[in-house]
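Overview (structure and organization)
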Amino acid sequence: MAKKEKVEAKPQSETMVKTVVTEKPKQVTETPKPKKKGPEDGWEMKNRTYFIRGKAKKSLSRSIKSSGIYYFDEEKGYQREVKYCENQRTCFVDEMQGDQRLSHIVFRRGTLHVPREEQTLQKLLSLYHPGRNKLYTEYQPQREAQSEVDVLELEIAALNAAQVLDVDMAEAVLRVEMGSNVSNMSSKELKRDLLLYAKKNPRLFLELVNDENVQLRNFGIKATEMGVLKLSSDQRTFSWGSNDRKLMNVPFDEHPYSALAAWFKTDEGMEVYSNIEKRLK
């Protein structure tokens, strides 16, 4: 009978294989920063016209600097010299190659027309010249049209506001422009001049209509004209017209009726306002 061989069991620790798990480092992807837009982004090739500003536009000819001028480059962080050379493809001196034949920039009768083929001069004038919008401006029909639309819309708003303004407010607004002459105008004259004023100065008209102090100033002026209030000759003191009792002092460097309008909003001023209102009725 054969003997059974004993199989020795190896310890479990010897049969186990250790597995080491190594974690891969996470890759951090940086979000690229958006590139700053340069002055030539969106540049359009087209014919351009430039106009001299101020009194010089009446001159037969006017030259502006075409060399010895600098432009601060935001991207590079330093000043770069620019000049106009007809034989170069760029106006930046540090990018020029070969001979540099300096050219003049001359406005004739206040105007300079630059065709689309002359990109170097156009970019110098439209983007990099320090005299842009100071010595001269570029004609931009879209902006001019938008500006005209804005003015027309402002006029319409002012005229609509003038149509519905009551007589007291109309008188208050016109008094700013015409002074005491308003007191002698009929209602028709008042309406006519109000509409003309709204058309002529629509922005100022709307500002006055929305200024709460305008009516208070007018109230104070009317009270003074009718003798209810008295303003001293040095325009520093308001007092009652009947007994010369002082009501208020006008602060230094302030318009007397503007100061009076502000004072009418105080507790003491509101009582005086109510008193004057009864007298004017």
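Here, the structure is the one placed above.
Remember, it's a predicted structure, so these values are computed and weren't measured experimentally.

**Quick look at the side chain of H129**
When you line up the elements, H129 lands in the loop between α2 (119-128) and β7 (136-138). A polar side-chain atom of H129 sits 2.7 Å from the main-chain carbonyl oxygen of K65. At a separation of 2.9 Å, a polar atom in the side chain of H129 contacts the main-chain amide nitrogen of G131. Those residues in contact with H129 that sit more than four places away from it in its chain are I64, K65, I69, L124 and Y136.

**Section: the side chain of Q119**
With respect to the element layout, Q119 can be found in helix α2. One polar contact links Q119 to Q122, side chain to side chain, over a distance of 3.3 Å. Leaving out residues up to four positions away in the same chain, Q119 has contacts with W43 and M45.

**A word on the sheet that holds strand β10 (residues 246-249)**
Taken in spatial order, the three strands make up an open sheet running β8-β9-β10, and their pairing is antiparallel. Both outer strands of the open sheet, β8 (229-231) and β10, are each paired with one neighbouring strand and no more. Adjacent strand axes in the sheet meet at a mean angle of 20°, parallel and antiparallel pairs treated alike. Together, β8, β9 (237-240) and β10 form the strand contacts of helix α8 (residues 256-263), whose direction differs from that of β10 by roughly 110°.

**Some remarks on the layout of surface pockets**
Computed from the structure, the largest pocket encloses a volume of approximately 560 Å³. Lining the largest pocket are 22 residues; nearest its centre among them are K46, R48, E138, Q140 and R143. Secondary-structure elements contributing two or more residues to the lining of the largest pocket are β1 (48-52), α2, β7 and α3 (141-163). Broken down by element, the lining of the largest pocket gets its largest block of residues, six residues, from α3. Classifying every residue of the lining of the largest pocket gives six nonpolar, seven polar and nine charged.

**Regarding unusual backbone geometry**
If you check the backbone angles, R109 has positive phi at about 55° while not being a glycine. On the secondary structure map, R109 appears in the loop between β5 (105-108) and β6 (111-114). With a phi close to 65°, D253 is a non-glycine residue in the positive phi region. Along the polypeptide, D253 turns up in the loop between β10 and α8. Relative accessible area serves as the criterion here: at 70%, D253 is assigned to the exposed category.

**Quick notes on the packing of aromatic side chains**
Under the counting rule described, the total for this entry stands at twelve aromatic pairs. Centre to centre, the rings of W263 and F264 are 6.0 Å apart; their planes meet at 45°, and the pair counts as tilted. When sorted by exposure, W263 lands in the same class as F264, which is buried. Here the aromatic cluster, defined as three or more aromatic residues joined through ring pairs, consists of F219, W263, F264 and Y273. When the ring centre of F92 is taken as origin, the NZ or CZ atom of R80, which lies over that ring, is 3.8 Å away.

**Here's the deal with helix α7 (residues 212-225)**
When we look at burial in α7, the residues that qualify are V214, L216, R217, N218, F219, G220, I221, A223 and T224. At its buried positions, α7 is contacted by α4 (167-178), α6 (202-209), β8, β9, α8 and α9 (267-280). One or two steps after α7, the chain reaches G227, where phi turns positive at roughly 85°.

**Let's talk about the pattern of salt bridges**
For the structure on display, the rule yields nine salt bridges. A salt bridge links R80 to D94, with the shortest nitrogen-to-oxygen separation between them at 2.8 Å. Here the residue R80 occupies a position in strand β4 (residues 78-82), and D94 occupies one in the loop between β4 and β5, the gap between them amounting to 14 residues. Judged by relative accessible area, D94 falls into the partly exposed class, the value being 48%. Here D193 ties to R192 by a salt bridge, and the two come within 2.8 Å at their closest N and O atoms.

**Side note on the state of the cysteines**
Evaluation of the coordinates by the stated rule reveals zero disulfides. No disulfide involves C85; its sulfur sits 9.8 Å from that of C91, the nearest cysteine. According to the relative accessible area criterion, C85 is buried, its value standing at 0%. C91 sits in the buried class, given a relative accessible area of 4%.

**Structural notes on the packing of α4 against helix α5 (residues 187-200)**
As a packed pair, α4 and α5 sit with axes 10 Å apart at the nearest point and diverge in direction by 60°. Overall, the two elements α4 and α5 adopt an arrangement that is oblique. For the crossing formed where α4 meets α5, the hand is left-handed. Side by side, α4 and α5 meet where V167, A170, E171, V173, L174, E177 and M178 of the first sit next to L190, D193, L194 and Y197 of the second. Tallied by class, the residues present in the contact of α4 with α5 amount to eight nonpolar, no polar and three charged.

What counts, and at which threshold
Residues numbered from 1 in each chain as written. Predicted model: local features only at pLDDT ≥ 70, side-chain atom pairs only at ≥ 80, totals over all residues. Heavy atoms only, no water. Helix = DSSP H or I, 4+ residues; strand = E, 2+ residues; numbered from the N terminus. Polar contact = N/O pair within 3.5 Å; in protein donor to acceptor, adjacent residues only side chain to side chain. Contact = heavy atoms within 4.5 Å. Pairing = 2+ DSSP bridges. Axes fitted to C-alpha atoms, helices over the stretch in contact; angles between N-to-C directions. 1 Å grid on protein atoms, 1.4 Å probe; cavity = no way out; pocket = protein on both sides within 12 Å on 5 of 7 lines; lining within 4 Å. Points joined across faces, edges and corners; volume = space filled by probe spheres on them. Nonpolar A, V, L, I, M, F, W, Y, C, P; charged D, E, K, R; others polar. Buried < 20%, exposed > 50% of the residue type's maximum accessible area, 1.4 Å probe, protein only. Phe/Tyr/Trp six-rings, centres within 6.5 Å; stacked < 30°, edge-to-face > 60°. Lys NZ or Arg CZ within 6 Å of the ring centre and 35° of its normal. Salt bridge = Lys/Arg side-chain N within 4 Å of Asp/Glu carboxyl O. Disulfide = S-S within 2.5 Å. Parallel < 35°, antiparallel > 145°, perpendicular 65-115°, else oblique. Left-handed = near helix turned anticlockwise from the far one by under 90°.

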